[in-house]
Amino acid sequence: MEKTTKKMLSTLKGIPSETPPVWLMRQAGRYLPEYLATRAKAGSFLDLCYHPELATEVTLQPIRRFGFDASILFSDILVVPHALGQDLSFAENHGPQLGPLPHDLQFDATDFHKRLEPVYQAVESIRAGLEEEGFSGTALIGFSGAPWTLACYMIDRKGSKDFAATRLMALADEEKFTNLIALLVTAISSYLIKQIERGAEIVQIFDSWAGVLPPSQFFKWVIEPTRKIVETVRAACPETPIIGFPKGAGVLYQNYASLTGVTALGIDTQMPVTWVRDVLQPSVIVQGNLDPFTLASGSPALLKEADMILSTLGDRPFVFNLGHGIDKSTPPEHVKRLVDHIRGYRS
Ligand code: CP3
């Protein structure tokens, strides 16, 4: 009963609405002063991720301000390597830093889920909080990094332009790399299913570094592992929509959509919306793809770009979002302006 009132869920079932649902990647983050205050209270970013109550608080902050149609679990994709036993830290303004890849890396389901229990508790408490605070129309998205992107961080051990160490290992020691990807497929599928069991209504798979691979390897390390995850999650939770976000996939978005079986596709900023309309939209629901810096600038281009996206993609079931996470320089008023504009579109 409650489900039918959530615009995000009906859109992902293929039902178009007057104006599209809207949420923004990284909507809970450093552009909000209340986020910075809660992070300070938690101690560090990672402490915040593992504190169910404070993670709930920061998840709800942007919903209170902007009334988005979806909330996204506050966590990070790197809690998965962390729960598999790899050290992880986030130095202020330096991004993530991982420890050496454990030699005896194994997936022990009991141990893995025990370590991630605070994340599952956050999922439960966000669902409850949305109801309590009267946001019963806001859906909850759970997420994971995809195997390729997690492997990039696990092997290169920090952010990189090209993830050279990972690229080389995938080619030079294919057997070892194949085993790592297989382990990640198992862990990620299990992680997503658990999030759904605890209250996530949608899941999104972030493959942020899909774009560094040439086509043959894109099929092997992006499409095939994601297809297996979709198959496993769908077998356990057939009703739950799955959004895939293979950032930088270019024309391979088309292959990714048809071969992985995701419900919807997150589109990055580089994709021309007319191509998305003509090539992707006939067979898959799309989400995207405003440039985060156009939003941050708040220039006249903001509403113009938003209108272009709405008029090109809005005739079919569509979710308005950015093409990448919101930048920390973004004034919250610009977000409000954008959301009001989308809600008033056509009226
Ligand atoms: O979207 C949301 O609001 C949900 C929370 C979320 C975060 N990270 C919080 C976060 C999600 C879905 C992610 C995903 C994530 N994390 C990705 C995939 C999406 C993408 O951006 O490509 C990746 C690659 C990561 C790994 C990661 N986490 C990096 C590289 C960094 C440092 C870069 C940066 O923006 O500082 C993080 C840190 C991080 N994750 C922050 C937040 C709010 C900033 C940490 C802080 O508060 O200082």
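What you see is a predicted model; the values in this text were computed from it and never measured.

The rules behind each value
- Residues numbered from 1 in each chain as written.
- Predicted model: local features only at pLDDT ≥ 70, side-chain atom pairs only at ≥ 80, totals over all residues.
- Heavy atoms only, no water.
- Helix = DSSP H or I, 4+ residues; strand = E, 2+ residues; numbered from the N terminus.
- Rg over C-alpha atoms; globule rule 2.2 N^0.38 Å.
- Buried < 20%, exposed > 50% of the residue type's maximum accessible area, 1.4 Å probe, protein only.
- Contact = heavy atoms within 4.5 Å.
- Areas by Shrake-Rupley, 256 points an atom, 1.4 Å probe, with all protein chains shown as cover.
- Near = heavy atom within 4 Å.
- Polar contact = N/O pair within 3.5 Å; in protein donor to acceptor, adjacent residues only side chain to side chain.
- 1 Å grid on protein atoms, 1.4 Å probe; cavity = no way out; pocket = protein on both sides within 12 Å on 5 of 7 lines; lining within 4 Å.
- Sits in = over half its atoms within 2 Å of the grid points.
- Nonpolar A, V, L, I, M, F, W, Y, C, P; charged D, E, K, R; others polar.
- Pairing = 2+ DSSP bridges.
- Axes fitted to C-alpha atoms, helices over the stretch in contact; angles between N-to-C directions.
- Expected span 1.5 Å × (residues − 1).
- Phe/Tyr/Trp six-rings, centres within 6.5 Å; stacked < 30°, edge-to-face > 60°.
- Core = buried A, V, L, I, M, F, W, Y, C linked by side-chain atoms within 4.5 Å.

A. Highlighting the overall build of the protein chain. Along the backbone of the protein chain there are 16 helices and nine strands. For a compact globule of 347 residues, the expected C-alpha radius of gyration is about 20 Å, and the protein chain comes in at 19 Å, within 12% of that figure. Taking all 347 residues of the protein chain together, 56% fall into the buried category. Nonlocal contacts in the protein chain, meaning residues at least 24 apart in sequence, comprise 73% of its contacts between residues at least 6 apart. Counting only carbon and sulfur atoms, one obtains 53% of the accessible surface of the protein chain, whose full area is about 14,300 Å².

B. Summary view of the site of the ligand. For the ligand, the set of nearby residues contains 22 residues, the closest of which are Arg-26, Tyr-35, Arg-39, Asp-76 and Ser-208. In the model, an oxygen atom of the ligand is placed 3.3 Å from a nitrogen or oxygen of the Gln-27 main chain. Interatomic distance of 2.7 Å between a side-chain N/O atom of Arg-30 and an oxygen atom of the ligand. Coverage of the ligand by the protein amounts to 87% of the 870 Å² it exposes when considered alone. Put simply, the ligand lies in the largest pocket. Elements with a contribution of two residues or more to the shell around the ligand: α2 (33-42) and β3 (95-98). Per-class residue counts for the shell around the ligand are 13 nonpolar, five polar and four charged.

C. The arrangement of the environment of Trp-23 in detail. By the secondary structure assignment, Trp-23 is in the loop between α1 (7-12) and α2. Assessed through its relative accessible area of 0%, Trp-23 is described here as buried. For the pair Trp-23 and Asn-179, spaced 156 residues apart in sequence, the C-alpha separation works out to 36 Å. Once residues lying within four places of it in the same chain are set aside, the contact partners of Trp-23 are Met-8, Phe-68, Ala-70, Ile-72, Ile-141, Gln-204, Gln-287, Val-319, Phe-320 and Asn-321. A polar contact of 3.1 Å, which involves the side chain of Trp-23, links it to the side chain of Gln-287.

D. Spotlight on the sheet that holds strand β4 (residues 139-145). Within the open sheet, the seven strands sit side by side as β1-β4-β5-β6-β7-β8-β9. Their pairing is parallel. Whereas interior strands pair on both sides, the edge strands pair on one side only; in this sheet they are β1 (70-72) and β9 (318-322). Across the sheet, the axes of successive neighbouring strands diverge by a mean angle of 25°, strand direction being ignored. Relative to strand β7 (residues 264-266), strand β6 (residues 242-246) runs parallel, the two being bridged by two bridges.

E. Broad picture of helix α7 (residues 117-132). Given a rise of 1.5 Å per residue, 16 residues ought to cover 22 Å, and the 22 Å separating the end C-alpha atoms of α7 matches this to within 8%. Every buried residue of α7 is listed here: Val-119, Tyr-120, Ala-122, Val-123, Ile-126, Gly-129 and Leu-130. The secondary structure elements touched by the buried residues of α7 are α4 (52-66), β1, α6 (109-115), β4 and α10 (174-197). Positive phi shows up at Gly-134, right after α7, with a value of about 85°.

F. The packing of aromatic side chains, seen in detail. The tally for this structure, following the rule as stated, stands at 14 aromatic pairs. Between Trp-148 and Phe-177, the aromatic rings sit 5.9 Å apart at their centres with planes inclined by 70°, giving edge-to-face as the arrangement. Taken together, the residues span a long stretch of sequence, with Trp-148 in helix α8 (residues 147-156) and Phe-177 in helix α10 at a distance of 29 residues. Residue classification places Trp-148 among the buried residues on the basis of a relative accessible area of 0%. Under the relative-accessibility criterion, Phe-177 is labelled buried at 0%. Judged by centre distance (5.0 Å) and plane angle (55°), the rings of Phe-163 and Trp-209 are tilted. In this pair, Phe-163 is assigned in the loop between α8 and α9 (164-172) and Trp-209 in the loop between β5 (202-207) and α11 (215-236), connecting sequence segments 46 residues apart. Here Phe-163 falls in the buried class, since its relative accessible area comes to 0%. Three or more aromatic residues joined by ring pairs make a cluster, and in this case those are Tyr-35, Phe-45, Phe-74 and Phe-90.

G. Representation of the nonpolar core in the model. Membership of the largest hydrophobic core comes to 124 residues, with the highest contact counts inside it found for Met-8, Phe-177, Leu-265 and Phe-320. Considering every element that reaches this core, the biggest residue donor is α10, with twelve residues. Discounting chain neighbours no more than four positions away, the residues touching Phe-177 are Trp-148, Ala-151, Ile-155, Thr-166, Met-169, Ala-170 and Trp-221.

H. A look at the side chain of Thr-138. For Thr-138, the position within the fold is in the loop between α7 and β4. Engagement of the side chain of Thr-138 in a polar contact is seen with the backbone oxygen of Phe-68, the distance being 2.9 Å.

I. Representation of the side chain of Ser-189 within the structure. Locating Ser-189 in the fold gives a position in helix α10. Take Ser-189: its relative accessible area is 3%, and that puts it in the buried class. For Ser-189, the contacting residues outside a window of four places in its chain are Ile-229, Thr-232 and Val-233.

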